[in-house]
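Residues per chain are reported as follows:
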Amino acid sequence: MVKLAAFGAFALLSLASQVLAQTTVKVMPFGASIVSKCWRANLQAKLKNSGIKNFDFVGSLSGTCGGNGVDQDHEGHSGSLATDYAKNGNLTVWLDKNPPDVVIMLLGTNDVLLGKKPVNDILAAYDVLLSQMRAKNAKMQIIFSNLLPLDPARWPQDGVNGIKTLNSAIATYAPRKSTAQSPVTFVDNFAGFDAVSDTTDGEHPNDAGNEKMAKKFFQPTVNAVQVVARSRKLLKGKRVTSVARREAMANEVNEGTKESTV
Ligand SMILES: *[C@@H]1O[C@H](CO)[C@@H](O)[C@H](O)[C@H]1NC(C)=O
């Protein structure tokens, strides 16, 4: 009986440590060159400063952002289009390689600027990408940003306006795609962002721009990480309880058997 009880406690302890290990939440920054910039480092610093440390940024690319212990992983592929990702199935490959719980997505600038794609084609590509995320993880937490403004002094007017047109479509698109199981949280990175003073080249964020983006992404990322961690703890909590109950019953049965055979 003593031995069995000790074994039961040990099993519970090892389960408990598994529970802690499994609450690390995988976060995939996904998009094109803007995603490769160092707002990811600013965001990580903010998470850590507020006591959120159970995250792991994932992706097949590695950045070179400064700062202590920056997790450099991401899927921000320079020059990429949402419509190409949708056509070529790139995201599925990346999701398989590093399965995330949370995707932070900012994607579409190149569809407008380089591809000159109609808004409906871009929204259709977003549909494909969201389905790929949910096929991989039915509970994917999706943080969906609109696009940063472009500096009209450095980019063609149709591109500058195209971003605004796509953004107004995203503002209704993103919330409509949200479900209870797999929430889509819209983030407005356009508002308050200055395409001149917050960028290096009229498109990509500089230090000031990175900090603004990190501030915008902060609360939605906190929420997503906590939702994932909490649901996993609840799930494991139930498992631990039922395992404990089963072991207690087994112990009783063993005791009974022993007593009757002695
Ligand atoms: C996406 O997939 C296509 C087809 O496999 C490939 O040619 C392309 O290089 C991929 N894009 C990226 C950014 O990896």
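Up top you'll find the structure we're talking about.
Summary of the structure given here.

Definitions and cut-offs
- Residues numbered from 1 in each chain as written.
- Predicted model: local features only at pLDDT ≥ 70, side-chain atom pairs only at ≥ 80, totals over all residues.
- Axes fitted to C-alpha atoms, helices over the stretch in contact; angles between N-to-C directions.
- Helix = DSSP H or I, 4+ residues; strand = E, 2+ residues; numbered from the N terminus.
- Parallel < 35°, antiparallel > 145°, perpendicular 65-115°, else oblique.
- Left-handed = near helix turned anticlockwise from the far one by under 90°.
- Contact = placed C-beta atoms within 7 Å.
- Near = placed C-beta within 6 Å.
- Nonpolar A, V, L, I, M, F, W, Y, C, P; charged D, E, K, R; others polar.
- Expected span 1.5 Å × (residues − 1).
- Bend = angle between axes of the 7 residues up to and from the residue.
- Buried ≥ 20, exposed ≤ 12 C-beta atoms within 10 Å, placed from the backbone.
- Core = buried A, V, L, I, M, F, W, Y, C linked by C-beta atoms within 7 Å.
- Pairing = 2+ DSSP bridges.

**Quick look at the packing of helix H5 (residues 90–97) against helix H7 (residues 119–136)**
- Relative to each other, H5 and H7 sit at 25 degrees, their axes nearing to 10 Å. Viewed along their axes, H5 and H7 adopt a mutual orientation that is roughly parallel. Helix-helix and strand crossings are classified by hand; for H5 and H7 the assignment is right-handed. In this structure, H5 uses Leu-91, Thr-92 and Leu-95 to contact H7, whose residues at the interface are Leu-129, Gln-132, Met-133 and Lys-136.

**Here we look at the site of the ligand**
- In the vicinity of the ligand, the contacting residues are His-77, Ser-80, Asn-88 and Asn-90.
- Class assignment of the residues belonging to the shell around the ligand gives a composition of no nonpolar, four polar and no charged.

**Points about helix H8 (residues 157–176)**
- Here H8 contains 20 residues, and its C-alpha end-to-end distance of 29 Å stays within 8% of the 28 Å for a straight helix at 1.5 Å per residue.
- Along its length, H8 reaches its greatest deviation from straightness, about 30 degrees, at Ile-170.
- Within H8, burial applies to Gly-162, Ile-163, Leu-166, Asn-167, Ile-170, Tyr-173 and Ala-174.
- Close packing links the buried residues of H8 with helix H6 (109–113), H7, strand S6 (141–145) and strand S7 (184–187).

**Thoughts on the nonpolar core**
- One finds Ala-82, Val-102, Val-103, Met-105, Leu-129, Ile-142 and Ile-143 to be the most contacted residues of the largest nonpolar core, which totals 58 residues.
- Those residues in contact with Met-105 that sit more than four places away from it in its chain are Phe-30, Gly-31, Ile-142, Ile-143, Phe-144 and Ser-145.

**Describing unusual backbone geometry**
- Located in the positive-phi region is Lys-116, a residue other than glycine, with phi close to 45 degrees.
- Note that Lys-116 resides in the loop between H6 and H7.
- Under the C-beta neighbour-count criterion, Lys-116 is labelled exposed, with 11 such atoms within 10 Å.

**Describing helix H3 (residues 39–49)**
- Residues of H3 that are buried: Trp-39, Arg-40, Ala-41, Asn-42, Leu-43, Gln-44 and Leu-47.
- Backbone geometry just after H3 places Gly-51 at a positive phi near 85 degrees.

**Some words on the pairing of strand S1 (residues 25–31)**
- Among the seven residues of S1, six are classified as buried, and the element is accordingly described as predominantly covered.
- Where S1 meets strand S5 (residues 102–106), five bridges bridge the pair, whose relative direction is parallel. Along S5, the bridge assignment pairs Val-27 with Val-102.
- Direction of pairing for S1 relative to strand S4 (residues 73–76): parallel, over a ladder of two bridges.

**Examining the pairing of S6**
- Most of S6 sits inside the fold, with five of its five residues counted as buried.
- Alternating residues of S6 divide into Gln-141, Ile-143 and Ser-145 and Ile-142 and Phe-144, and every residue in both groups is buried.
- When S5 meets S6, the two strands line up parallel, connected through four bridges. Following the sheet pairing, Val-103 is matched in S6 by Ile-142.
- Examined bridge by bridge, S6 and S7 share four bridges and lie parallel to one another. Note that in S7 the partner of Ile-143 across the bridge is Thr-185.

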